[in-house]
Amino acid sequence: MGDLQIEMLHGKDQESQLLHHPDRVTVEGLIHQSLEAKEFSYCPYSNFRVGAALLAHDDRVFTGCNVENACNNLGVCAERNAIAKAVSEGRRSFKAIAIASDLHDQFISPCGGCRQFMREFGANWDVYLTKPDGSYIEMKVSELLPVSFGPEDLSMKKVVKIPNEY
Ligand SMILES: O=c1ccn([C@H]2C[C@H](O)[C@@H](CO)O2)c(=O)[nH]1
Ligand SMILES: [Zn+2]
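What comes next is a walk through the structure. (Residues numbered from 1 in each chain as written. Chains lettered and ligands numbered in written order. Predicted model: local features only at pLDDT ≥ 70, side-chain atom pairs only at ≥ 80, totals over all residues. Heavy atoms only, no water.)

Details of the coordination of the zinc ion (ligand 2)
- Donor atoms from the polypeptide that coordinate the zinc ion (ligand 2) comprise C77 (SG), C111 (SG) and C114 (SG), at 2.2 to 2.3 Å from the metal.
- Written as a sequence motif, the donor residues of the zinc ion (ligand 2) are C-x33-C-x2-C. (Donors = N, O, S within 2.8 Å, 3.2 Å for Na, K, Ca; no water.)

Shown next, in the form of structure tokens:
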């Protein structure tokens, strides 16, 4: 590694930087923000609070909580809420998302819809599945949603050309 690169890594968790992961302090901060976001959860139907904190490429953090509805299927998950906030403020590139719930013994696992929503913005970024004590496991979007379908697939070669107008 060149001197310049070493200098750029100065003061950071070098291994994390080399692996293109956020450093430990950043990860812990993001988890803390997901736990805080959980406090705003609106979940009168499930009583299942979820919070998310999404780290964009420019290091801005967007938080989200689940927001339920009397018309049940209109509820939105914490992760999707955070992603929609970020995209609606011009961010489409993400480093990581932390997800928090109140489950005592389990790491919160995102639903299938949220996995697909994350995958829309790339498969190679980090997801931290946490417990309320701040412990976590780290997974890539691609591990949570293997053999995924994404935006690139829409423009792959097809056997027939479907005209725009029928
Ligand atoms: O990863 C998850 C799992 C569940 N929920 C929400 C959806 C619903 O409001 C409640 C119960 O499923 O928790 C999330 O927001 N994120
Ligand atoms: Zn979800």
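Structure's up, so let's keep going.
Examining the packing of aromatic side chains
- Enumeration over the complete set of coordinates arrives at three aromatic pairs.
- With a centroid separation of 5.5 Å and 50 degrees between ring planes, the pair formed by F94 and W125 is classed as tilted. Of the two residues, F94 sits in strand 3 (residues 94–101) while W125 sits in the loop between helix 5 (112–119) and strand 4 (126–130), which places them 31 residues apart along the sequence. The two residues F94 and W125 agree in class, both being buried.
- One aromatic cluster is present, formed by F94, F121 and W125 through successive ring pairs.
- It is R80 that lies over the ring of F117; its NZ or CZ is 5.9 Å from the centre.
- We note K131 situated over the ring of F107; from NZ or CZ to the ring centre the distance is 4.5 Å. (Phe/Tyr/Trp six-rings, centres within 6.5 Å; stacked < 30°, edge-to-face > 60°. Helix = DSSP H or I, 4+ residues; strand = E, 2+ residues; numbered from the N terminus. Buried < 20%, exposed > 50% of the residue type's maximum accessible area, 1.4 Å probe, protein only. Lys NZ or Arg CZ within 6 Å of the ring centre and 35° of its normal.)

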